[in-house]
Amino acid sequence: SFFIFLVITFPLNATNIAVVNIDNLITTNNEYNFIINEIEKNQKSHHSVFINQEKLLDQKLAKIEKSKLLLNENEIKNMIDKYNEDLEKFTIMVDDFNLHYQNQIVNIRKIILDEIILLIEKYANDNQIELILDSTSYLIATNSINITSKIKNELENIKLNLKFEDFQKN
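Residues numbered from 1 in each chain as written. Predicted model: local features only at pLDDT ≥ 70, side-chain atom pairs only at ≥ 80, totals over all residues. Heavy atoms only, no water.

Things to note about the overall build of the protein
Heads up, the rule is: Elements are defined by DSSP. Helices are runs of H or I of four residues or more, strands are runs of E of two residues or more, and each kind is numbered from the N terminus. Per-residue accessibility, obtained with a 1.4 Å probe over protein chains only, is compared with the maximum for each type, and a residue is labelled buried under 20%, exposed over 50%, and partly exposed between these values. We call two residues in contact when some of their heavy atoms are within 4.5 Å. Each accessible area is a Shrake-Rupley result for a 1.4 Å probe, and residues are judged covered by the shown protein chains and nothing else.
Helices and strands together make up the secondary structure of the protein, namely 5 helices and 2 strands. Listing the helices and strands of the protein from first to last along the sequence gives α-β-α-α-α-β-α. Looking at the protein as a whole, 25% of its 170 residues are labelled buried. In the protein, the proportion of contacts linking residues at least 24 apart, taken out of those at least 6 apart, comes to 89%. Accessible surface computed for the protein: about 12300 Å², of which carbon and sulfur atoms make up 55%.

Quick look at the environment of Ile 129
In this structure, Ile 129 sits in the loop between α4 (73-126) and β2 (131-134). Taking the relative accessible area as the measure of exposure, Ile 129 reaches 17% and is therefore buried. Between the C-alpha atoms of Ile 129 and Ile 17, which are 112 residues apart in sequence, the distance is 5.9 Å. Apart from residues no more than four positions distant in its own chain, Ile 129 is found in contact with Asn 16, Ile 17, Ala 18, Tyr 123 and Ala 124.

Here's the deal with the side chain of Asn 42
Within the secondary structure, Asn 42 sits in helix α3 (residues 30-67). Sequence-distant contacts of Asn 42, defined by excluding residues within four places in its chain, comprise Tyr 101, Phe 164, Asp 166 and Phe 167.

Examining helix α5 (residues 148-156)
Going by this rule: Note that the arc is defined by the directions from the helix axis to the C-beta atoms.
Among all positions of α5, only Thr 148, Ile 151 and Leu 155 are buried. Take α5 and look down its axis: the buried residues cluster within an arc of 70°, on one side only. In this fold, the buried residues of α5 make contact with β1 (17-20), α2 (22-27) and α4.

So, the layout of surface pockets
This is how it is decided: Each cavity reported here is a set of points on a 1 Å grid over the protein atoms alone in which a 1.4 Å probe fits but cannot get out, each pocket an open set with protein on both sides within 12 Å along at least five of seven lines, and each lining residue one with an atom within 4 Å of a point. Grid points are joined across faces, edges and corners, and a volume is the space filled by probe spheres set on the points. Note on residue categories: nonpolar means Ala, Val, Leu, Ile, Met, Phe, Trp, Tyr, Cys or Pro, charged means Asp, Glu, Lys or Arg, and polar means any other residue, Gly included.
Approximately 160 Å³ is the volume found for the largest pocket. Every residue along the wall of the largest pocket is listed here: Gln 53, Leu 56, Leu 57, Lys 60, Asp 86, Lys 89, Phe 90 and Met 93. Within the residue set of the lining of the largest pocket, elements represented by two or more residues are α3 and α4. In the lining of the largest pocket, the residues fall into 4 nonpolar, 1 polar and 3 charged.

Details of the packing of α3 against α4
Here is the rule we go by: Interaxial angle, 0 to 180 degrees, is taken between N-to-C directions of lines fitted to C-alpha atoms, where a helix line uses only the stretch in contact. Here is the rule for angles: anything less than 35 degrees is roughly parallel, anything more than 145 is roughly antiparallel, 65 through 115 is roughly perpendicular, and the remaining ranges are oblique.
Between α3 and α4, the shortest axis-to-axis distance is 10 Å and the interhelical angle comes to 170°. Between α3 and α4, the angle is such that the two are roughly antiparallel.

Focus: unusual backbone geometry
The phi dihedral of Gln 128 falls on the positive side, at around 50°, and the residue is not glycine. With respect to the helices and strands, the residue Gln 128 is situated in the loop between α4 and β2. Non-glycine residue Asn 161 carries a positive phi angle of around 50°. Structurally, Asn 161 is set in the segment after α5.

Written as structure tokens, this is what we have:
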């Protein structure tokens, strides 16, 4: 009976919990949206180069097809090998281009996430919050514990100086 008494009378400490939508904080950030637009503009400047190289590859393939009746098997094989080599270089360059900008965006998001974490830590310390969950980590919560707008307001007051590097062809 003593054990039951302890369990029933043991003071229950309420844990102060808050939730925040990290993805929303990043994707609605003005500086993030500005830099993403700049990246898209920068990517478009490279787009015409890729289109031209793709057209050249198409022309080479058409030339190979036309030459099949005129050239011997060895000459056709050499043309096909050269075409395949050029196609592989082009494919690698496109993959490098895509990976480059994907990494740039990941780095930008990390910079913002680092700032968000600092703001959340400060908020938790100032408000005696013991647990803060990302909105994707819980099922249901009341809006009263959602601190996204509070963190967003503080994040908007920080100059993030987001930058990206232009793609350089090798």
